[in-house]
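# Descriptive structure summary
Now for the letters of each chain:
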Amino acid sequence: MELTHLNLDINKRCFFFACCIPVKGIQLGAIYDLQRDDIERVPNSIIDFIHNIHSKTVVSIIEEWKDDEIAQEYIEFLIEKEFIFFANEDHFPNLSDDCFNDDVSKIEFATILLSDDLIKEAQHISDRVDYLGVKRLHLHFSPDMDVQEIHNLLNSLQKSCVIDLSVSLPYQKNFTTSRVLKEQRLKSIYFYQSPYSKEDNYGRINLYYLKQNENSLFVPKSSIDTIAINHRAFLTAKKYNLGLYKTILVDYLGRIRLNGTDKKDYGSFLGSKDEIDRSLLILSELWNLNRNKINPCKNCELRYACTASFIPEYDQEKEEYFVNCNYNIHTNEWIY
């Protein structure tokens, strides 16, 4: 194997960066680069190769793999992607598996589907958002929603703990509600029932034009857009279900759900604080069900990065939890 171009001391050892996490799936593997917030999907054989060469000397690697062209390609790939380094000792300790979560919110992300009746409870909604400590809030407005009601709700949330706000609105050819755009925490606007698909921006605000109708917006689906690669998400996913953890959807009647297809009623979002706390206690049972306990997630290379909000169901016959995911782990393709 030609490694002379690296100008390395052959007695140095090869180490895998601790911030790069190799994960095997049933057909394909992935390397989570937690420093760059990126993911590289690779053959499982590369994952095995990484474990084989880790902490070995360059001279021993050359001797073992000198006649293997594929191994040479793997080495070059790992160097190019900066997944490995060569040194006399490993300078980077392994990441702890202990989950850290410095957010004390009861709920971090909430989606609220606003009806005419619900939006009249603007102050009540704001109070509950504050009680739960919601940081990311998505507000969905139906086609017949009065624009003035939108402003009233945003005004009631001015002093809330929300730091990231997004809204979904029916498509408008000439969107001129400038008072909405002046909301400093607003990050994204989704226009549904659009005649075309497009991404744009208005200053700091991302604009998404979606052909989807209102009913399909909150149906859970896995896609490249539901993949979150960062240190906090990875450690959370090791212990909890990343797609459900501290996340709720409030339907048009004010009932707490997990997603747009959830048939179970976990209580009223506008109920008393004690009632809400009891609802969260029930939800926490699903939050604690990480993807290593769910089929087919446990065999998926994306299991520590997927934020799709599928609700696990229990199969009495097989004695296991499962979800009907639209990602095929055998072909590594998304089904739409």
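Let me begin by describing the structure that accompanies this report. Small disclaimer: the values here were computed from a predicted structure and weren't measured.

The next thing to look at is the packing of helix H1 (residues 44-53) against helix H2 (residues 58-65). Taken N-terminus to C-terminus, the directions of H1 and H2 make an angle of 130°; their axes are 11 Å apart at the nearest point. Of the possible angle classes, the one that applies to H1 and H2 is oblique. Contact with H1, carried on its side by Phe 49, Asn 52 and Ile 53, involves Ile 61, Glu 64 and Trp 65 of H2 and no other residues of that element. Looking at side-chain class alone, the contact of H1 with H2 contains four nonpolar, one polar and one charged residues.

Cis peptide bonds are those with omega within 30 degrees of zero, and the linkage from Asn 295 to Pro 296 qualifies with 5°. By the secondary structure assignment, Pro 296 is in the loop between strand S14 (294-295) and strand S15 (313-315). You will see that Asp 37, though not glycine, has its phi angle at about 55°, which is positive. Tracing the backbone shows Asp 37 in the loop between strand S3 (28-33) and strand S4 (38-43).

For the rest of this paragraph, the subject is the nonpolar core. Grouped together as the largest cluster of nonpolar side chains are 44 residues, with contacts concentrated most on Leu 114, Leu 139 and Phe 269. If you tally residues by element for this core, the top one is helix H9 (residues 273-287), at five residues. Apart from the residues lying within four places of it in its own chain, the contact partners of Phe 269 are Ile 112, Ile 125, Arg 128, Val 129, Leu 132, Ile 248, Val 250, Gly 254, Ile 256 and Ile 276. Formed by 27 residues, the second largest nonpolar core is a distinct cluster that contains Val 23, Leu 235, Ile 329 and Trp 334.

Within the secondary structure, Ser 156 sits in helix H6 (residues 147-156). The class of Ser 156 is buried, set by a relative accessible area of 16%. From its side chain, Ser 156 meets the backbone oxygen of Leu 153 in a polar contact 2.6 Å long. Apart from residues lying up to four places away in sequence, Ser 156 is in contact with Ala 122, Gln 123 and Ser 126.

Quick look at the pairing of strand S5 (residues 84-87) now. Residues Ile 84 and Phe 86 line one face of S5 and the alternating positions Phe 85 and Ala 87 line the opposite face, and both faces are buried. Pairing geometry for strand S1 (residues 13-16) and S5, over four bridges, is antiparallel. What sits directly across from Phe 15, in S5, is Phe 85.

Paired through backbone hydrogen bonds, the strands of a sheet run either parallel or antiparallel to each other. Spatial ordering of the open sheet is given by S14-S16-S15, a layout of three strands whose pairing is mixed. With partners counted over all chains shown, the strands left at the sheet margins are S14 and S15, one partner each. In the sheet, S15 pairs with strand S16 (residues 320-322) via three bridges, with the strands oriented antiparallel. Its bridge partner lying in S16, Asp 315 is registered against Glu 320.

Rules of the game
Residues numbered from 1 in each chain as written. Predicted model: local features only at pLDDT ≥ 70, side-chain atom pairs only at ≥ 80, totals over all residues. Heavy atoms only, no water. Axes fitted to C-alpha atoms, helices over the stretch in contact; angles between N-to-C directions. Helix = DSSP H or I, 4+ residues; strand = E, 2+ residues; numbered from the N terminus. Parallel < 35°, antiparallel > 145°, perpendicular 65-115°, else oblique. Contact = heavy atoms within 4.5 Å. Nonpolar A, V, L, I, M, F, W, Y, C, P; charged D, E, K, R; others polar. Core = buried A, V, L, I, M, F, W, Y, C linked by side-chain atoms within 4.5 Å. Buried < 20%, exposed > 50% of the residue type's maximum accessible area, 1.4 Å probe, protein only. Polar contact = N/O pair within 3.5 Å; in protein donor to acceptor, adjacent residues only side chain to side chain. Pairing = 2+ DSSP bridges.

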